[in-house]
Amino acid sequence: LRIMGRLCNCPVIFINTSEVRPSGWRGLHITDMIARELNNGVSIERLKYAVIVLDEADKITKYGCRLVSDNNLDESYDMMRDIMKLLDVGHTLHIDNGVNMSTGTPNIVDLPVDNLLLVFNGAFQGIDDIIKRRLNISRSIGYGQRAASEESNVMDRVTADDLKQWGYIPELIGRIGEIVVLNPLTSETILEIMKTAKGNIVSSHVDYAMRSNVELQFTDDALRLIAEEAFRSGLGFRNVKTLLSKTLNPLYYEMTDDENKESPRCVSIDRDYVFARLRMRA
């Protein structure tokens, strides 16, 4: 999204939906986050063509929740109504851009929403259960069950009705043009990122150890085990940092003794070494 913003010469505004509140509720609103861009020097003309990323959009509501409570008030419902305003052609946001020092009145800036691009981003952990139930996957059919291959990309089959069951109101779903599913990283992809990405995390550990006169050498099997563990955890690449730290922290406590040696001490990190450290900390 940031690369697209640079190519299109438009600002990209990331808004964590768990940190904002709908209009009429106490706290920061979406318009406050847009006003922050004005304060950072982004012109109103550029903001007219901004990409607004609503991060953690799955947290706006959740599966099984009531859209409206007994007293006709519900924060999730009001939040979705606020977001719908950003998708209404012809609507104009009134942005509070501080106070006019000469008159003492609020400085209100009008921002038409016609050319804004909204991107909803979220993990939607658990929506696969809704999809499986609709597709009757993992239920007995005759003498057996559906093939496991039918489950492999179950998130690709998400529909507007699934999002409605998740808790979104139909009026908002009808304004979303595309639903894009990102596949989780495989262990092979995680391994490739670890080894070949610019400034990769493995090289950073090697450089850190060399400052204490220790030369780390990772075998392919060792890195593959870490990648497999990261994949099994369900956390993707973000868990690689934790696994590497668990593996190398005991070694780091001993490295100060090698600083005064003329030649670096070579330490080979193989699969057995990684396995022992990770199981020791489990």
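Here's what I pulled together on the structure shown here. Along each chain, the written sequence defines residue order, and numbers are assigned to residues from 1. Owing to the predicted nature of the model, reporting of local features is limited to residues with pLDDT of at least 70; listing and counting of side-chain atom pairs is limited to 80 or more, with chain, interface and lining totals taken over all residues. Values shown for side chains rest on all heavy atoms present in the structure; no hydrogens or waters enter the calculation.

Another point: the nonpolar core. Here, nonpolar core means buried Ala, Val, Leu, Ile, Met, Phe, Trp, Tyr and Cys residues that are tied together by side-chain atoms lying within 4.5 Å of each other. When accessible area is computed with a 1.4 Å probe and restricted to protein chains, residues below 20% of their type maximum are described as buried, those above 50% as exposed, and intermediate ones as partly exposed. Residues Ile30 and Tyr168 are the most contacted members of the largest nonpolar core, which totals 41 residues. Helix numbering and strand numbering both begin at the N terminus, where a helix is a DSSP run of H or I of at least 4 residues and a strand a DSSP run of E of at least 2. When residues in this core are grouped by element, the largest group, five residues, is from helix α2 (residues 30-39). Whether two residues touch is decided by their heavy atoms; if any such pair falls within 4.5 Å, the residues are in contact. Beyond its immediate stretch of four places on either side in the chain, isoleucine 30 contacts Ile15, Val20, Leu54, Met79, Ile83 and Leu86. Residues Leu191, Val240, Leu243 and Leu248 belong to the second largest nonpolar core, which totals 27 residues.

Bringing the packing of aromatic side chains into the picture now. Two aromatic rings from Phe, Tyr or Trp, using only the six-membered ring of Trp, form a pair when their centres are within 6.5 Å; if the ring planes differ by under 30 degrees the pair is stacked, by over 60 it is edge-to-face, and anything between is tilted. Tallying each qualifying case throughout the model produces three aromatic pairs. Seen from their ring centres, phenylalanine 124 and tryptophan 166 are 5.5 Å apart, and the 55 degrees between their planes marks the pair as tilted. Taken together, the positions of phenylalanine 124 in the loop between β5 (117-120) and α5 (127-135) and tryptophan 166 in helix α6 (residues 160-166) put the pair 42 residues apart, joining distant regions of the chain. Residue classification places tryptophan 166 among the buried positions, given a relative accessible area of 6%. Both rings, one in tyrosine 208 and one in tyrosine 252, keep their centres 4.9 Å apart while their planes meet at 75 degrees; by these two values the pair is edge-to-face. On the criterion of sequence distance, the pair formed by tyrosine 208 in helix α9 (residues 201-210) and tyrosine 252 in helix α11 (residues 240-252) is long-range, its members being 44 residues apart. Through successive ring pairs, a cluster of aromatic residues spans Phe124, Trp166 and Tyr168. Sitting over the ring of tyrosine 273, arginine 277 keeps its end group 3.9 Å from the ring centre. Look at NZ for Lys and CZ for Arg. If either is within 6 Å of the ring centre and within 35 degrees of the ring normal, a charge sits over the ring.

Okay, unusual backbone geometry next. Of note in this structure, asparagine 9 is not a glycine but carries a positive phi near 55 degrees. In this structure, asparagine 9 sits in the loop between α1 (2-8) and β1 (12-16). Residue asparagine 9 is classed as exposed on the basis of its relative accessible area, which comes to 57%. A positive phi angle, near 50 degrees, is found at phenylalanine 124, a position not held by glycine. Residue class for phenylalanine 124 comes out buried when judged on its relative accessible area of 15%.

Here we take up the pattern of salt bridges. For this analysis, a salt bridge means a side-chain nitrogen from Lys or Arg found within 4 Å of a carboxyl oxygen belonging to Asp or Glu. The full count for this structure, using the stated rule, is 10 salt bridges. The shortest N-O distance in the salt bridge between lysine 59 and aspartate 58 comes to 3.3 Å. Between aspartate 88 and arginine 175 there is a salt bridge, with its nearest N and O atoms 3.0 Å apart. Residue aspartate 88 is located in the loop between α4 (75-85) and β3 (92-99), and its partner arginine 175 is located in the loop between α7 (170-173) and α8 (187-196); the two are separated by 87 residues in the primary sequence.

The next subject is the packing of α8 against helix α10 (residues 220-233). Only the stretch in contact is used when a helix axis is fitted, and all axes are lines through C-alpha atoms; the angle between N-to-C directions ranges over 0 to 180 degrees. The contact between α8 and α10 brings their axes to 8 Å, and the two run at 125 degrees. With respect to α10, the axis of α8 lies oblique. Once α8 is placed against α10, the crossing between them reads as right-handed. In this structure, α8 uses Ser187, Glu188, Ile190, Leu191, Met194 and Lys195 to contact α10, whose residues at the interface are Asp220, Leu223, Arg224, Ile226, Ala227, Glu228, Ala230 and Phe231. Each residue gets one label: Ala, Val, Leu, Ile, Met, Phe, Trp, Tyr, Cys and Pro are nonpolar, Asp, Glu, Lys and Arg are charged, and the others, such as Gly, are polar. Class assignment of the residues belonging to the contact of α8 with α10 gives a composition of eight nonpolar, one polar and five charged. Angle categories: roughly parallel below 35 degrees, roughly antiparallel above 145, roughly perpendicular from 65 to 115, and oblique for all the rest. Crossing handedness: left-handed means the near helix sits turned counterclockwise from the far one by under a right angle, and right-handed means the same turn made clockwise.

Before going further, it helps to examine the layout of surface pockets. Here the term cavity refers to a set of points on a 1 Å grid, laid over the protein atoms alone, in which a 1.4 Å probe fits but cannot get out; the term pocket refers to an open set having protein on both sides within 12 Å along at least five of seven lines, with lining residues being those that place an atom within 4 Å of a point. Grid points are joined across faces, edges and corners, and a volume is the space filled by probe spheres set on the points. Looking at the second largest pocket, its volume works out to about 200 Å³. Surrounding the second largest pocket, Ser23, His29, Ile30, Thr31, Asp82, Lys85, Leu86, His91, Thr92, Leu93 and His94 form its lining. Tallied by class, the residues present in the lining of the second largest pocket amount to three nonpolar, six polar and two charged.

Attention now goes to α5. Those residues of α5 lying buried are Ile127, Ile130, Ile131 and Leu135. Take α5 and look down its axis: the buried residues cluster within an arc of 125 degrees, on one side only. Looking at the buried positions of α5, the neighbouring elements they touch are α6. This arc describes the spread of directions from the helix axis toward the C-beta atoms.

Moving on, we come to the sheet that holds strand β2 (residues 51-55). By definition, two strands form a pair when at least two bridges between them are found by DSSP. Judged by pairing direction, the sheet is parallel, and its three strands sit side by side in the order β1-β2-β5 without closing on themselves. Unpaired on one side and paired on the other, β1 and β5 mark the two borders of the sheet. This sheet shows a mean twist of 20 degrees between the axes of neighbouring strands, independent of strand direction. For β2 and β5, the ladder comprises four bridges, and the chain directions are parallel. Residue pairing for β5: valine 51 is matched across the bridge by leucine 117. Across the sheet, α2 touches β1 and β2, and the angle it forms with β1 is around 145 degrees.

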